[in-house]
Each structure stands twice: as structure tokens, then as C-alpha cells.
Amino acid sequence: MSCAVSWSSFGQRPGAIALAATILVGCSAAEVSATPLTPFRYEAQAQRHCPHDRVVWLDFSKGVYYGKSQKRYGQGFDGSFVCLSEARDSLYRRSLFGLR
């Protein structure tokens, strides 16, 4: 899909700016691709969803995830089990604390 717009025809037709805005919005939406984040209540459900990936505990309020060896893994009311690759693709960061 080509998203080239000719700027020379804007003054000649009414509504050309609205048409160009629609084209630009359509082009930008077509280029964005995000990996969906699939949260699970139980660790076993998440492991079945991604059998070849690690499962982490995602804390939605803090925007971080915890590994199984960390103290806060599986704790809290506003978190969920997710696949590590999905958490990283959704721009959540690894918690630096609780590495015990």
C-alpha cells in the first residue's frame, strides 16, 4: 500500500485536506502492529498458552514483571500471569528489586 500524498492539489479541490488526513491515519494504522497481551489468572494457564516461553507475574499498576525467583511473583491484586515475550513486546519492564 502506497501512502504518498500530492501536496500540490490541496488548493484546487475542497475537502482535500480531510481526504489527506484520512489517508495518513489509514497509513499509520496499517503500519502499527502490536503483540496482544494475554493475561491469565493461574500460572498453569499461562504456561499452556506459551509452552516454550517463561511465565512471569505482571504488575499492571507498576508496569513491571517479576520472574519466578523473585519475592513478589504471584502476589498482588492488580496483576496477572503472562508470557515473558508478550510482556516485553507490550513494553513492560523487568523489576530490578526482589531478585531473591
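Starting afresh in each chain, residues are numbered from 1 along the sequence in its written order. The model is predicted, so local features are restricted to residues of pLDDT at least 70 and side-chain atom pairs to those at 80 or more, both for listing and for counting; the totals for chains, interfaces and linings are taken over all residues. To get the side-chain values, all heavy atoms of the structure are used, and hydrogens and water are removed first.

### A word on the confidence of the model for the protein
As a note on interpretation, predicted positions should not be read in detail where pLDDT is low. Of all residues in the protein, 62% have pLDDT values of 70 or greater, and the mean over the chain is 77. Taken together, the stretch residues 27-32 has pLDDT below 50 and engages in two contacts with residues farther than four places along the chain or on a different chain. Values of pLDDT, ranging from 0 to 100, describe the predictor's confidence in every residue of the model. Whether two residues are in contact is decided by their heavy atoms, any of which lying within 4.5 Å being enough.

### Brief notes about the state of the cysteines
Disulfides are defined as cysteine sulfur pairs within 2.5 Å. Counted under the stated rule, the structure contains one disulfide. Between cysteine 50 and cysteine 83 runs a disulfide, and the two sulfur atoms are separated by 2.1 Å. Disulfide cysteine 50-cysteine 83: torsion about the S-S bond near -105°, hence left-handed. With cysteine 50 in the loop between helix 2 (43-49) and strand 1 (55-59) and cysteine 83 in strand 3 (residues 79-83), this residue pair connects regions lying 33 residues apart in the sequence. What makes cysteine 50 buried here is its relative accessible area of 8%. Partly exposed describes any residue whose relative accessible area lies between the buried limit of under 20% and the exposed limit of over 50%, with all areas from a 1.4 Å probe on protein chains only and scaled to the type maximum. Among the residues examined, cysteine 83 registers a relative accessible area of 1% and is labelled buried. Note on conventions: DSSP H or I runs of at least 4 residues are helices, E runs of at least 2 residues are strands, and numbering of each starts at the N terminus.

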